[in-house]
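# Summary of the model geometry
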Amino acid sequence: MFYFALLLFSVQHMLLPWWTTAVLAVLLGFFTDMDWWRAITTSFAAGLSAVIAAYYFDARSGSLISHRLAGLFGAHSVTSVFLGVLLLSSVTAFLWLGFGDWLSRRVGAS
Amino acid sequence: MFKRNRGIIWAVLGAAWLLVLGKGVGPLPALGPLLSLHNGIWRHHLQEWPDQLPLENLNGPVQVSWDESGVPHIFAENEADLYRVQGYLMASQRLFQMELITRVASGRLSEWFGERTRSLDEFFTRFGMRESAERTLADFMKDPGTATMLEAFSDGVNQYITNRPSDPAEYLILNREPEPFTPIKTIFMSKSLTFNLAGRSFDLYLSQIMKERGFDFVMDLFPDMEPMPYRDIIYPTPRLKSADSRRRGRMVEGSPFVTSLKSIPFFPWPSAGKGSNNWAVNAKKSSTGYSLMANDTHLSLTLPNIWWEVQLSGPDFNVYGASLTAVPGIVNGMNAQASWGPTNGTTDVLDFYEIEFENESSNRYRKGDQVVESEIRNEQVGLKNGRTIEIPVIKTEYGYVLYREGSRGLAADWLAHKSNNELGALRQLYNIRSVEDCFRAFQRWNAPIQNFICVDRKSVGLQHTGILPDRQAQPGRFVRDGVQDTASSWATLSNEMRPRDVDPPSGFVLSANERPLDDEKGVSLGWDFEEPWRGMIIRKRLSEKSKISPADMIRFQNDAFNLKASFAAPSFLKLVAHASLSQEQEEALLAISKWDFQDLADRPEGALFRLWFEVFQDLIYSDEYSVPSRDFYPKESRTVALLDNVLLDPTHSDHAVVDDRRTQEDETPEFMVTKAFQLGWEELKSTQGSEWKKWRFRDVIQTGIRHVGRFPGFGVDLLTMDGGPESIRGNKGKHGAVYKIVVAHGEDWPRAWIQIPGGNEGDPLNPNYARYSEDWAQGKMREAQFFKTAEEARRSCKRNIIFQPPKVH
């Protein structure tokens with residue numbers, strides 16, 4: 001599930017607007033049987049795929065992007081920037097995975 | 001895993017999270033679009049230039065050669081093509097800055113920044129900037145050459161916006177898209193700069209002080225002219241015609257009007273102490289046998305820089321120099337035969353009138369025995385959340401009404417609203433061959449008033465250029481009475497009366513924003529100018545040597561000598577009471593007594609003196625009147641003279657100024673000087689540690705270059721740079737020499753050395769962003785590559801692009 005999610009979110013991050021992370025998470029939550037552990041690893045996959053892509057683009061810019069973002073947010077190091085990316089994407093996925101899972105159970109119950 | 005009734009919580013939390021990411025909260029930007037891997041900041045693309053690039057509306061091919069310093073050299077067969085490509089290139093490096101800077105005077109910052117900038121937007125709207133810009137644009141467009149400049153430049157900017165590889169980082173942070181560029185944006189940029197240079201006036205505060213302490217007190221602390229010998233005068237007095245003989249005599253206010261207004265409204269005063277320098281030596285004074293020119297313009301230090309370096313070669317001209325962001329053409333620069341550059345004239349062109357309306361809600365006001373209807377124009381100021389505020393802009397014969405207090409109002413009459421065709425004047429400069437040609441071009445220059453230096457191969461000249469208020473006829477020192485003072489139009493001097501100097505016997509001309517004229521000789525341009533220190537030291541440096549070389553010119557630009565300290569420190573040392581000082585403090589005083597008055601970045605003397613003088617001024621002036629800002633203290637030259645007065649004369653009236661009126665005790669100069677030293681000492685101790693020998697001037701002055709939109713992390717902090725505000729370097733920390741040039745004219749072709757901190761590149765994600773900042777701080781210059789022909793440029797530059805008209809099928 002983790003690798004599957006990693007692949008899916010990587011494609012989504014590269015090709016679709018940022019908010020489609022939520023759409024993809026709803027779909028995953030709806031069509032996949034989620035438990036807490038699976039929800040956490042899937043969300044982490046979403047965050048990790050974002051970090052990998054961000055790191056790639058940052059390296060292409062000579063680390064200028066992460067450097068500027070760190071300055072913008074008053075962070076002490078660029079690591080904080082990538083942790084931030086990880087967190088934002090993971091939380092987005094987690095919240096909407098939860099909603100997708102709830103939706104599937106509600107549909108199943110009815 | 002999830003209970004059924006928690007679904008709604010997931011949805012609400014998820015939606016709220018998306019909303020926060022999508023819209024941002026408070027100062028936090030919208031992180032979703034900003035960090036998007038699809039089209040956010042991570043996918044930022046640098047501008048890449050192919051060998052050939054099609055551009056709509058071109059009439060012929062245009063060659064652009066980029067030199068190693070990142071300066072574009074543009075060669076076009078006609079002017080429209082030249083400015084079209086200039087617009088395209090400038091936008092490729094400065095798009096965000098161009099839009100931001102034009103939003104200031106147009107009162108549109110709040111659409112981006114919300115409540116934070118609302119008062120500023122409301123001010124510029126009430127101040128009449130929009131109507132003024134429309135009028136100016138209409139004036140500019142009457143001249144076909146100027147219209148071509150504006151329209152072609154805008155078209156070039158817009159074509160870049162259409163073709164841009166990605167949005168500049170700042171737009172992503174603000175979650176906005178670039179807006180199409182129009183000619184009026186260029187006008188708003190020039191209005192904004194004009195306000196920055198000519199938007200200061202003491203009138204409101206002097207009226208307040210006069211109400212508290214009386215007319216004589218004001219005239220004593222804010223005299224018509226700087227006390228001798230702390231005075232530098234730029235120009236000889238213009239020849240008076242017989243009709244002007246009435247002007248002779250000291251500037252007198254008459255019986256000044258006392259305002260009944262209780263409050264001083266919000267006014268975004270441009271900071272005091274703005275400085276620029278220009279000087280030139282003629283062929284006789286130059287070691288090369290040809291004229292030399294130096295110019296450094298001092299403004300807020302920003303990244304990107306306000307200037308953009310470029311060579312423009314058109315059908316009948318070839319010029320090199322600096323363009324202003326969002327403005328086509330070149331402002332400061334040179335051609336093969338001549339060079340030119342400004343300093344701010346600093347002449348006060350802002351007067352205030354107290355208006356008496358019929359009643360609190362009426363817009364009809366009294367003027368003598370008449371009642372006059374105001375012109376009302378309803379404007380809108382947009383906010384970040386999409387809301388708009390309606391602003392009724394009230395225009396009277398005395399200017400725009402800024403503020404109302406019951407049936408009274410305050411109108412601001414700004415002479416700089418009256419434009420001519422400044423862009424046309426600059427365009428005319430491209431072909432000048434002599435000093436006289438240069439002065440002729442400036443006939444069309446009204447505002448802002450500048451000391452323009454004009455240099456040809458052999459001669460040098462300087463002119464106080466602009467529409468000049470006749471301050472003998474209209475002193476403008478206090479708020480004026482809108483009811484009785486019915487002569488509401490400005491009294492101005494004719495163009496023939498513009499102060500100027502050409503090839504004086506000394507062989508040099510100079511200006512540093514100081515007093516242009518000796519009022520006692522009959523013509524007055526007002527009392528309020530910059531301090532004389534930089535002008536005096538430049539004059540000294542140029543007089544000391546019989547022949548001046550280009551290297552001398554560069555060295556003088558980097559001069560860190562603090563002339564004010566050389567006058568004030570000996571007085572301080574005579575007055576300080578040693579008995580109350582510690583051993584360490586005595587050691588520090590000994591260091592100051594041996595100091596050569598160079599404000600060196602890593603030395604403590606400059607830091608100590610700076611704090612000492614500032615605190616001394618606080619101590620002696622803060623009790624005198626209720627105007628709180630250091631910006632509205634008496635001039636430093638008056639403070640230095642006060643030190644002389646109290647030292648030489650125990651009965652001098654300045655002893656009363658030194659005394660703290662709020663206490664029963666009699667504070668002596670010795671007491672205040674010692675207290676100022678000790679307070680300054682404590683401040684340095686708290687900010688820089690207990691070892692005074694490790695205190696550094698650089699940590700007091702804190703030289704740094706901020707991002708133009710004040711985005712954290714997009715600027716350069718704490719550069720090591722010698723010199724303070726009083727030195728030729730004019731280093732105020734966040735304000736300084738944003739452009740420096742030295743031109744050495746020659747028989748065939750001039751050479752020039754230039755520095756623009758930050759360089760041309762304005763994209764924070766480009767490796768060349770902030771380029772030359774360190775070099776600039778260290779005083780290094782680089783030689784400009786001013787090419788004679790397109791062929792020479794193509795051979796010398798590694799990167800060449802041909803902009804082509806689109807192919808017709």
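Structure: above.
The structure displayed is predicted, hence computed values, not measured ones. (Residues numbered from 1 in each chain as written. Chains lettered and ligands numbered in written order. Predicted model: local features only at pLDDT ≥ 70, side-chain atom pairs only at ≥ 80, totals over all residues. Heavy atoms only, no water.)

## Some remarks on the overall build of chain B
Where we set the bar: What counts as a helix is a DSSP run of H or I of at least four residues, what counts as a strand is a run of E of at least two, and both are numbered from the N terminus. For this measure, only C-alpha atoms enter the radius of gyration; the expected value for a globule follows 2.2 Å times N^0.38, where N is the number of residues. Per-residue accessibility, obtained with a 1.4 Å probe over protein chains only, is compared with the maximum for each type, and a residue is labelled buried under 20%, exposed over 50%, and partly exposed between these values. Surface exposure here means Shrake-Rupley accessible area, sampled with a 1.4 Å probe, where a residue is shielded only by the protein chains that are shown. His is not counted, nor are the chain ends; Lys and Arg add positive charge and Asp and Glu add negative charge. For this purpose, a charge sits on NZ of Lys, CZ of Arg, CG of Asp or CD of Glu.
Along the backbone of chain B there are 24 helices and 27 strands. Relative to the 2.2 N^0.38 estimate, which gives 28 Å for 809 residues, the radius of gyration of chain B is 28 Å and therefore close to what a compact globule would have. Expressed as lengths along the three principal axes of its C-alpha atoms, the size of chain B is roughly 90 × 85 × 70 Å. The proportion of buried residues among the 809 residues of chain B is 65%. As presented, chain B carries roughly 29800 Å² of accessible surface, and 50% of it is formed by carbon and sulfur atoms. The averaged location of the 107 negative side-chain charges in chain B is 3 Å from the averaged location of its 95 positive side-chain charges.

## Describing the pattern of salt bridges
All names here are of chain B. Note the threshold: One speaks of a salt bridge when a side-chain nitrogen belonging to Lys or Arg is within 4 Å of a carboxyl oxygen belonging to Asp or Glu.
Scanning all chains against the criterion turns up 66 salt bridges over all chains. Where E614 meets R610, a salt bridge forms, and the shortest distance between an N and an O atom there is 3.6 Å. You can see E614 and its partner R610 sitting in helix α18 (residues 605–621), four residues apart, about one turn around the helix. Owing to a relative accessible area of 22%, E614 belongs among the partly exposed residues under this scheme. Taking the shortest distance from any N to any O, the salt bridge between D654 and R638 comes out at 2.8 Å. Placement of D654 in helix α20 (residues 654–658) and of R638 in helix α19 (residues 636–648) is noted, with a sequence separation of 16 residues between them. Each member of the pair, D654 as well as R638, carries the same accessibility label: buried. Among the charged side chains, a salt-bridge network with shared partners connects K564, R610, E614, D618, R630, E636 and E726.

## A look at the interface of chain B and chain A
To keep it simple, the criterion reads: Every residue pair with non-hydrogen atoms within 4.5 Å of one another is taken to be in contact. Counted as a polar contact is a pair of N or O atoms within 3.5 Å, where, for protein atoms, one must be capable of donating a hydrogen and the other of accepting one, and residues adjacent in sequence contribute only when both atoms are in side chains. Only Asp, Glu, Lys and Arg are considered charged, only Ala, Val, Leu, Ile, Met, Phe, Trp, Tyr, Cys and Pro nonpolar, and every remaining residue, Gly among them, polar.
Across the contact, 41 residues belong to chain B and 41 residues belong to chain A. Joining chain B to chain A, the criterion identifies zero salt bridges. At the boundary of chain B with chain A, the tally comes to eight residue pairs in polar contact (both at pLDDT 80 or more). Residues that form the side of chain B that touches chain A fall into these classes: 26 nonpolar, 11 polar and four charged.

## A word on unusual backbone geometry
Residues and elements named next belong to chain B. Following M228, the chain continues to P229 via a peptide bond in cis, the omega torsion being 5°. As for its placement among the helices and strands, P229 is situated in the loop between α11 (215–221) and β4 (277–281). Along the chain, L303 connects to P304 via a cis peptide bond; the corresponding omega equals -10°. For P304, the location among the structural elements is in the loop between β6 (302–303) and β7 (307–313). Located in the positive-phi region is Q702, a residue other than glycine, with phi close to 50°. The exposure class of Q702 is partly exposed, given its relative accessible area of 40%. Not every positive phi belongs to a glycine, and Y772 is a case in point at roughly 70°. One can find Y772 in the loop between β25 (751–755) and α23 (773–777).

## A few points about the state of the cysteines
Residues and elements named next belong to chain B. Which entries qualify depends on this criterion: The definition used for a disulfide is geometric: two cysteine sulfur atoms within 2.5 Å.
For the structure on display, the rule yields one disulfide over all chains. For C438, the disulfide goes to C454, at an S-S distance of 2.0 Å. Of note, the bridge from C438 to C454 carries an S-S torsion of about -55° and is left-handed in sense. Here C438, found in helix α13 (residues 435–441), pairs with C454, found in strand β18 (residues 450–456); they are 16 residues apart in sequence, far enough to count as distant. In terms of burial, C438 and C454 fall into one category: buried.

## As for a nonpolar patch on the surface
Note the threshold: A patch consists of residues whose relative accessible area exceeds 30% and which take part in no salt bridge; residues with like charges are grouped when within 9 Å of each other, and nonpolar side chains (Val, Leu, Ile, Met, Phe, Trp, Tyr) when within 5 Å.
A contiguous nonpolar patch, built from L7, V11, L15 and L16 of chain A and spanning about 390 Å² of accessible area, is present on the exposed surface. For V11 of chain A, a relative accessible area of 44% translates into the label partly exposed.

## With respect to the sheet that holds strand β11 (residues 350–356) of chain B
Residue and element names in this part refer to chain B. Defined as follows: Two strands form a pair only when DSSP identifies at least two bridges running between them. To define axes, lines are fitted to C-alpha atoms, for helices over the stretch in contact only, and angles between the resulting N-to-C directions are given on a 0 to 180 degree scale.
With mixed pairing, the six strands of this open sheet are ordered in space as β14-β15-β16-β17-β11-β20. Two strands lie at the open edges of the sheet, namely β14 (375–382) and β20 (480–481), each paired on one side alone. Across two bridges, strand β15 (residues 388–396) lies against strand β16 (residues 399–405) in antiparallel orientation. Each bridged residue has a counterpart across the sheet, and for T396 the counterpart in β16 is G399. Lying on the sheet, helix α5 (residues 118–126) is in contact with β14, β15 and β16; it crosses β15 at an angle near 35°.

## Quick look at the layout of surface pockets
We count it as follows: The pocket and cavity definitions rest on a 1 Å grid over protein atoms only: a 1.4 Å probe that fits but cannot leave marks a cavity, an open set with protein on both sides within 12 Å along at least five of seven lines marks a pocket, and residues lining either have an atom within 4 Å of a point. Grid points are joined across faces, edges and corners, and a volume is the space filled by probe spheres set on the points.
A volume near 430 Å³ is recorded for the second largest pocket. Among the residues making up the lining of the second largest pocket, the classes are represented as 12 nonpolar, 16 polar and seven charged.

## Focus: empty space enclosed by the protein
Counting across every chain of the model gives eight cavities of 30 Å³ or more. What the largest cavity holds in volume is close to 450 Å³. For the largest cavity, the lining is made up of 32 residues, of which L193, T194, L324, W445 and P448 of chain B are closest to its centre. Put simply, the parts of the chain that give the lining of the largest cavity at least two residues each are α6 (129–141), α9 (183–198), β5 (292–300), β10 (338–344), α12 (422–429) and β18 of chain B. With seven residues, α9 of chain B is the single largest residue contributor to the lining of the largest cavity. The class makeup of the residues in the lining of the largest cavity is 17 nonpolar, 12 polar and three charged. If you add up the space inside the second largest cavity, you get close to 200 Å³. Taken together, 14 residues line the second largest cavity, and the ones lying closest to its centre are H13, W18, L88 and S89 of chain A together with L35 of chain B. Looking at the lining of the second largest cavity element by element, the count peaks at four residues for helix α5 (residues 78–109) of chain A.

## Remarks on the side chain of N295 of chain B
All names here are of chain B. Here N295 lies in strand β5. Looking at N295, its side chain comes within polar contact range of the main-chain oxygen of P342, at 3.0 Å. Look past the residues within four positions of N295 in its chain and what remains in contact with it is N277, N278, N332, G341, P342, Q557, Y739, K740 and I741.

## Focus on the packing of aromatic side chains
The geometry of an aromatic ring pair is captured by the separation of the ring centres together with the interplanar angle, meaning the angle of the planes. Basically, it comes down to this: Under the pairing criterion, centres of Phe, Tyr and Trp rings, with the six-membered ring standing for Trp, must be within 6.5 Å; the plane angle then separates stacked pairs below 30 degrees from edge-to-face pairs above 60, leaving the rest tilted. Two conditions define a charge located above a ring, namely a distance within 6 Å from the ring centre to NZ of Lys or CZ of Arg, and an angle within 35 degrees of the ring normal.
The final tally for this structure, using the stated rule, is 70 aromatic pairs over all chains. For the cation-ring pair, R68 of chain A lies above F714 of chain B, with the distance from its terminal atom to the ring centre recorded as 5.9 Å. Seen from the ring of Y772 of chain B, R782 of chain B lies directly overhead, with NZ or CZ sitting 4.6 Å from the centre.

## So, the nonpolar core
Applicable threshold: We define the nonpolar core as a collection of buried residues of types Ala, Val, Leu, Ile, Met, Phe, Trp, Tyr and Cys that are connected through side-chain atoms lying within 4.5 Å of one another.
Counting 269 residues, the largest nonpolar core has I41, W42, F127, W307, F352 and F803 of chain B as the members making the most contacts within it. The element that contributes the greatest number of residues to this core is helix α3 (residues 79–105) of chain B, accounting for 15 residues. Once residues lying within four places of it in the same chain are set aside, the contact partners of I41 of chain B are I65 and L69 of chain A together with L34, L35, S36, A169, L172 and L765 of chain B. By size, the runner-up hydrophobic cluster in this structure holds nine residues, among which are F357, V372, I394 and Y398 of chain B.

## Focus: the pairing of β25 of chain B
Residue and element names in this part refer to chain B. Burial analysis of β25 places four of its five residues in the buried class, which makes it a mostly covered element. Pairing of strand β24 (residues 735–744) with β25, which is carried by five bridges, proceeds in the antiparallel orientation. If you follow V742 over to β25, its bridge partner there is W753. Here β24 folds back onto β25, and the loop between the two strands holds six residues. Pairing of β25 with strand β26 (residues 782–783) involves two bridges; the strand directions are antiparallel. Across the sheet, the residue bridging to W753 is E783, located in β26.

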